[in-house]
Amino acid sequence: MSQHILIVDDEKNIAISVDYLLRREGYEVSVAHDGEEGLRRIRDDRPDLVLLDIMMPKLNGFEVCEAVRQDPELAGVRIVMLTAKGRDAEKEKGLALGADAYITKPFATRELVSQVKALLQPTT
Amino acid sequence: MLGGPLIVVTSFLYLGLLFAIAYWADRRADQGRSVIAHPTVYALSLAVYCTAWTYYGSVGRAVQSGIGFLPIYLGPTLGAALWVFLLLKMIRVSKSQRITSIADFISSRHGKSHLLGGLVTVIAVVGVVPYIALQLKAVSNSFTILMHYPDITMPGSATALPIWQDTALYVALLLALFTILFGTRHLDASERHEGLVAAIAFESIVKLVALTAVGLFVTFGLYGGFADIMQQAQEAGLLQSMMNATSVSDQNWFTFSFLAAMAVILLPRQFQVAVVENSSERHISRAVWLFPLYLLLINIFVLPIALAGQLAFPDGRVDADTFVLTLPIAHGQEWLAMFSYLGGLSAATGMVIVETIALSTMVCNDLVMPVLLRHWRTRSVPADLTAVLLRVRRGAIFGILLLGYTYFHVAGEAYALVSIGLISFAAVAQFAPTMIGGLYWRGGTEAGALAGLGAGFTIWLYTLLLPSFAKSGWLPMTFLDSGPFGINLLAPQALFGLQGMNEISHTLFWSLTANIGAYLTVSLLRPPNAEETAQASLFVDAMKYDRPAIGLWRGNAEVTELKRLASRFLGRDKVDTAFAEFSRNRGTGYNPAQPADAETVHFAETLLTGAIGSASARVMVASVAQEEPLGLEEVMGILDEASRIRAYSKELEQKSRELEAATAELREANTRLQELDQLKDDFMSSVTHELRTPLTSIRAFSEMLLDDPRIKLDDRKRFLGIIVGETERLTRLVNQVLDLARIESGRGEWTTGEVDLAQLIRQSIETTGQLFRDKGTEVETRIPEGDFRVWADRDRLLQVMLNLLSNAVKFVPAGSGRIIITLSGGDEDYQVSVADNGPGISAGQQEQIFEKFQRGDGDNLANPMGTGLGLPISRQIIEHFGGHLWVESPPGKGAIFSFRMPKGSAKLPASETGSSDEPAYIDRG
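Just so we're clear, the structure is a prediction, and the values are computed from it rather than from any experiment.

Thresholds, definitions, all that
Residues numbered from 1 in each chain as written. Chains lettered and ligands numbered in written order. Predicted model: local features only at pLDDT ≥ 70, side-chain atom pairs only at ≥ 80, totals over all residues. Contact = placed C-beta atoms within 7 Å. Helix = DSSP H or I, 4+ residues; strand = E, 2+ residues; numbered from the N terminus. Nonpolar A, V, L, I, M, F, W, Y, C, P; charged D, E, K, R; others polar. Expected span 1.5 Å × (residues − 1). Buried ≥ 20, exposed ≤ 12 C-beta atoms within 10 Å, placed from the backbone. Pairing = 2+ DSSP bridges. Axes fitted to C-alpha atoms, helices over the stretch in contact; angles between N-to-C directions. Parallel < 35°, antiparallel > 145°, perpendicular 65-115°, else oblique. Left-handed = near helix turned anticlockwise from the far one by under 90°. Core = buried A, V, L, I, M, F, W, Y, C linked by C-beta atoms within 7 Å. Domains from an automatic or database assignment.

Student: Looking at this model, I keep getting lost on the interface of chain B and chain A. Mind explaining?
Tutor: For an interface, size is often stated in terms of accessible area lost upon the parts coming together. The interface of chain B with chain A comprises 17 residues on the first partner and 19 residues on the second. Elements with a minimum of two residues in the side of chain B that touches chain A: α31 (632-707), α32 (713-745) and α35 (859-862) of chain B. Split by residue class, the side of chain B that touches chain A holds seven nonpolar, five polar and five charged.

Structure, rendered in structure tokens:
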């Protein structure tokens, strides 16, 4: 069974590009367009990895990340912060909240793919 | 049925009630819960001005001279406006120096002169005793009239009766007893008589209510209102004669008003309640309007009662002065008659009690004390002087009332009593130059004050009092007609040939001319000496000093000696308390062995002043302190230095205030800068984010297209389309950021001219037509006929319209969208509204959406091309032209964006946004 990746991003075009990119790599991909929907899908679908934007309506990425990390049942979900907020402070905040990686937009597609692969490797 | 015993008992009950009120107020004061520390009580106590002369006499004067009774109340009403300065200063001076009477005020101002205090006292007593007699007469007459109820009998001449049958004597004795109980509870006259003031305020209410009750009964009980009385009087020919017979010429209006305005602060009883009994300077501000209001109220029914009295007693058998009492009697209203009698009683007793207390303080401190001091210089001084002082005060009270009675008994119905109110006013008006002048002019000296007062008083005696005796038949009338010894030039009421004035105006003219003239001339003959200079400074600069200038004393004195001296007059306990408080306030304990410094000596003297007056206090302190007299030069030096120090410290305060203000400004500017910095930071961070987002898509798709040649053609086309779209978004974003930055920094380029809003709307709809058709949206315009020109930048306004329309179309449902554009005109501006049937905007977001990069929920989904700057820029544009842009969104009804623009070609926008600080502003319109 292929691994499941959830993209949570309110920017439609970015979601399309990442979706295409990861499907091509053989992952099962789904998309949520805001924080609330994202959190719900994480709880329902238990994806292996979440690509999480920070600036989103309703719930922002930090809040989603925090909620996931407080839920022991979701301990296996890996989180990659994917955001246009490039400051070091933001990055540290994301990592401190329990994100596994932090990728700044705009990103190199290869780097994104290798980062995702690296995180999903041990379980395969 | 009324009768002697009932009236007597009621009178006693009334006086008992007064005493109970006073007792209660005193108790409250002792407990520290003063009832009189209230501005209304203060204003009511001032109404002690309204005596029996007002209560009964106003009606009499109205019958005699029509509205001629009014100036007596008009004067104080107009004069009240001056109280804010004059009365305030008098109170400030008197409080700081414990001045307790007019005599002490004038004496203290002119170098603490015994002689001056004595002269003022004599003038006050001579001037006011007949006025007291008038009150006694009023009480005894009203009592006699009421006794004969239901008959109306005018009291016979009092002189016809043996003294022991004369009501007035018992009234006088009774009032003396009351006054002693009220007024000499404390020795220190500067201590306020709280109970007395409370009782006086109560009396003011009683007399007002009583007179109003009679007035209401007459006006609405006997007649059908004011108009009815007037009409009936008119028919009886009364109005005609009253208005014509008015003896009040213009000149008299001025004279009487002026006299009354002076009397209301210079009569001893007025000074007592207004200054000595004042508990807070702040009370003045209410008295300034409440006291005149009281005067107005108490005069409302005077004319109706006067007319009704004349209609009721057409034969003139009933004295008009008694109408207030006889009208109720004539109509069988026994209880109203009783109440009316009580009102008159309260007016008379209030006046007599306060006046007598004020006079007794003056007589004790300024007439008796100097004699006693001289007496004690050669003999041994009694150890405890408090008892002596109290005996003197009480004796003075009895003496004054007996004098009043004697005058009444002798003068009786004579002319000398009838017009005594104004004669008294003219006497106290003599205090005006030295008192008011002394508050503002430094040059006045003791000799000047003596000369002025002496001259004024002499002329008053000669031109007003003696003629009143002559008219009463005690002096030959030839004295009046052709002057003493037949010297016409000296005829008392046509002095030096001055004729054509009434007697009061005549007296006032000559006496004040002589008074002011002598005060000025004699004062200017010789410069003020050291003592006078020092005192003048204390009075004239009263509003500048926070506390009296001290240091004007040099010599040797011991604190124990000073205390022993003060204790003799005030009692040991009181003095101990006072000194303890004094050293606590200074923050220093005192050492009995140490010599007293100037401040302590000054304090002891002030303390004594409250009990025995300033001049006597000065003499007493001098007896225990070896004073080295200061020369005038030294006094001037000290005063100069004090004022220099004051100026210097003011300058310092000013400087430190300026510094504080500058610091605060700097701090504020700094905070503002920090806020701006933060705003700029946030803006940069937002812009970065907004730039990175489209860049992310562009990069991702480009890389994918570059890396993977196997992508299907359809996908390729789609991805390239996205890349182009995102590039456009980037371009728009960069443009808008620059645009906004220019507008905000004031470097925007505006091409202003007349813009027709109707045309503008049509053009904007044409431009966005394709958007509407694509989404199947219906567009409706509601544009009335008419002129809709505004002064603005056409392209910019079009930008706003396009923004609003594209926003609207963005949110309406596909296929069933509906947008309504409305144009309407108000008085001063036009309004354009764009309403859609989209989801609307929640209340919380309605202001947010006008902030940069704040988009509504779901905005990005519906339109990924939005930059989040459209609305902020639109708002800036509209506001630039003096308009306003806002949104309303009633739940479930979509959103309505509206803007309002001022009408027409008014040249407004550039100046309003401040073109001066917009150097790059270009107005090509």
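Structure's up, so let's keep going.
Student: Even after reading the chapter, I still don't get α32(B), so can you show me in this structure?
Tutor: In an α-helix, one full turn covers 3.6 residues, which means residues spaced three or four apart are oriented alike. All names here are of chain B. With 33 residues, α32 ought to run about 48 Å at 1.5 Å a step, and its terminal C-alpha atoms sit 48 Å apart, in line with that. Buried within α32 we find Phe 719, Ile 722, Ile 723, Glu 726, Arg 729, Leu 733 and Ile 743. One or two steps after α32, the chain reaches Gly 746, where phi turns positive at roughly 80°.

Student: Sorry, what's going on with the sheet that holds strand β10 (residues 896-902) of chain B here?
Tutor: Paired through backbone hydrogen bonds, the strands of a sheet run either parallel or antiparallel to each other. Residue and element names in this part refer to chain B. Strands sit in the order β5-β7-β8-β10-β9 across an open sheet of five strands; the sheet is mixed. Strands at the two margins of the open sheet, each flanked by one partner only, are β5 (778-782) and β9 (884-888). Taking each pair of neighbouring strands and ignoring which way they run, the sheet shows an average axis angle of 15°. Direction of pairing for strand β8 (residues 829-836) relative to β10: antiparallel, over a ladder of seven bridges. Each residue of the ladder has a partner; that of Val 832, found in β10, is Phe 899. The strands touched by helix α34 (residues 794-811) are β7 (818-825), β8 and β10; relative to β8, the strand with the most contacts, the crossing angle is about 25°.

Student: Looking at this structure, how should I read the sheet that holds strand β4 (residues 78-83) of chain A?
Tutor: Residues and elements named next belong to chain A. Spatially, β2-β1-β3-β4-β5 is the arrangement adopted by the five strands of the open sheet, whose pairing is parallel. Each edge of the open sheet is held by one strand with a lone partner, namely β2 (28-32) and β5 (101-104). Pairs of neighbouring strands in the sheet enclose a mean axial angle of 20°, with direction left out of account. Where strand β1 (residues 4-8) and β2 come together, five bridges link them in parallel fashion. Bridge pairing in β2 links Ile 5 to Val 29. Most of the contacts of helix α1 (residues 12-24) go to β2, to which it runs at about 170°, and overall it touches β1, β2 and β3 (49-52). In the packing of helix α3 (residues 61-70) onto the sheet, the strands contacted are β1, β3 and β4, and the crossing angle to β4 comes to about 175°.

Student: Can you walk me through the packing of helix α21 (residues 420-428) of chain B against helix α23 (residues 446-471) of chain B in this structure?
Tutor: Helices that pack against each other are described as a pair by the angle of their axes relative to one another and the distance between those axes. Residues and elements named next belong to chain B. The interhelical angle for the contact between α21 and α23, taken along N-to-C directions, is 165°, at an axis separation of 11 Å. Considered as vectors, α21 and α23 are oriented roughly antiparallel to each other. For the pair α21 and α23, the crossing hand works out as left-handed. Facing α21, whose interface residues are Ile 423, Ala 426 and Ala 427, α23 presents Trp 460, Leu 464, Leu 465 and Ser 468. Here the residues of the contact of α21 with α23 are counted per class, giving six nonpolar, one polar and no charged.

Student: What should I look at first to understand α21(B) in this one?
Tutor: Counting buried residues along α21(B), nine of its nine residues qualify, which places the element largely inside the surrounding structure. Every buried residue belonging to α21(B) is among Ile420(B), Gly421(B), Leu422(B), Ile423(B), Ser424(B), Phe425(B), Ala426(B), Ala427(B) and Val428(B), and all of these are buried.

Student: Honestly, the nonpolar core in this entry has me stumped. Any pointers?
Tutor: Considering soluble globular proteins, one finds that nonpolar side chains tend to be buried as a cluster. In this structure, Leu259(B), Leu266(B), Ile305(B) and Ala429(B) are the most contacted members of the largest nonpolar core, which totals 201 residues. For this core, the element with the highest residue contribution is helix α18 (residues 334-378) of chain B, accounting for 20 residues. Inspection of this core shows a minimum of three residues originating in each of domain 1 (4-525) and domain 2 (550-626) of chain B. Discounting residues that sit within four places of it in the chain, Leu259(B) has contacts with Gly75(B), Leu422(B), Phe425(B), Ala426(B), Ala429(B) and Leu508(B). Core analysis: the second largest hydrophobic core is formed by 38 residues, Ile5(A), Ile42(A), Met81(A) and Ile723(B) among them.

Student: Looking at this structure, how should I read the pairing of β4(A)?
Tutor: Along a regular strand, successive side chains alternate from one face of the sheet to the other. All names here are of chain A. When you tally the buried positions in β4, you get five out of six residues, the bulk of the element. Where β3 meets β4, four bridges bridge the pair, whose relative direction is parallel. Within β4, the residue paired with Leu 51 across the bridge is Val 80. Pairing geometry for β4 and β5, over four bridges, is parallel. Following the sheet pairing, Leu 82 is matched in β5 by Ile 103.

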